[in-house]
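The lines below spell out each chain.
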Amino acid sequence: MLGKLIIFAAPSGSGKTTIVKELLKILELKLAFSVSAANRKSRVGEEHGKDYYFLENEDFKNKIHNNEFVEWEEVYAGRFYGTLKEEVKEKREAGKNVIFDIDVVGALNIKELYGDDALTIFIMPPSVQELENRLQNRSTDSFEEIKKRIAKAEHELSFADKFDKIVVNDKLPEAVFETRKI
């Protein structure tokens, strides 16, 4: 039996990655993480094949040309992210429920493609100001990068009502509990 798709999306800094990591610890959910491809350099602590498939620009564009992605998007100017078809197929055929941690547009594209086999969950920050505080506190991006992420977040928040479920991440343990129930 093919596994289902559980797709998490949210503005950067909303806590979706933390929530996804907590859910992956729950064995009875039979979850397998869908590793996205990106054409950016890895951050400290990130591993190729575990956190992302880090591809060179040319390699990423060749995969687009060869139709190897379920979805892909130029999230920021010159910065591409996508979900490899083979990644999803292998995990579903193994009976795993594939969990995604991707951007808003990619989530909606996968939902459109897979229909009822996919559940979309939008992780909502308590406020844009709190989102900016979280991005500053994690100290991984420059001031300019944070401003770009906040501008993008304001746009992404307008898509929340297109998702099957919305979870507000004000207090992490409560947000994890709520997503587990869903």
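The rules behind each value
Residues numbered from 1 in each chain as written. Predicted model: local features only at pLDDT ≥ 70, side-chain atom pairs only at ≥ 80, totals over all residues. Heavy atoms only, no water. Axes fitted to C-alpha atoms, helices over the stretch in contact; angles between N-to-C directions. Helix = DSSP H or I, 4+ residues; strand = E, 2+ residues; numbered from the N terminus. Parallel < 35°, antiparallel > 145°, perpendicular 65-115°, else oblique. Left-handed = near helix turned anticlockwise from the far one by under 90°. Contact = heavy atoms within 4.5 Å. Nonpolar A, V, L, I, M, F, W, Y, C, P; charged D, E, K, R; others polar. Buried < 20%, exposed > 50% of the residue type's maximum accessible area, 1.4 Å probe, protein only. Pairing = 2+ DSSP bridges.

## A short note on the packing of helix α5 (residues 128–138) against helix α6 (residues 143–156)
Thinking step 1. Between α5 and α6, whose axes approach to 10 Å, the crossing angle comes to 150°. With respect to each other, α5 and α6 are oriented roughly antiparallel. Note on packing geometry: the crossing formed by α5 with α6 is right-handed. Contacts between α5 and α6 involve Val128, Leu131, Glu132, Leu135, Gln136 and Arg138 on the former and, on the latter, Ile146, Lys147, Arg149, Ile150, Ala153 and Glu154.
Thinking step 2. For the contact of α5 with α6, the residue count by class is six nonpolar, one polar and five charged.

## Description of the pairing of strand β7 (residues 97–102)
Thinking step 1. Burial analysis of β7 places six of its six residues in the buried class, the great majority of the element.
Thinking step 2. Here β7 shows a buried face lined by Asn97, Ile99 and Asp101 and a second buried face lined by Val98, Phe100 and Ile102.
Thinking step 3. Taken together, the five bridges between strand β1 (residues 5–9) and β7 define a ladder with parallel strand orientation. Paired with Ile6 across the strands is Ile99, a residue of β7.
Thinking step 4. In terms of strand pairing, strand β2 (residues 31–33) meets β7 through three bridges, oriented parallel. Bridge pairing links Ala32 to Val98 in β7.

Function cannot be inferred from these measures alone, as they are strictly geometric.
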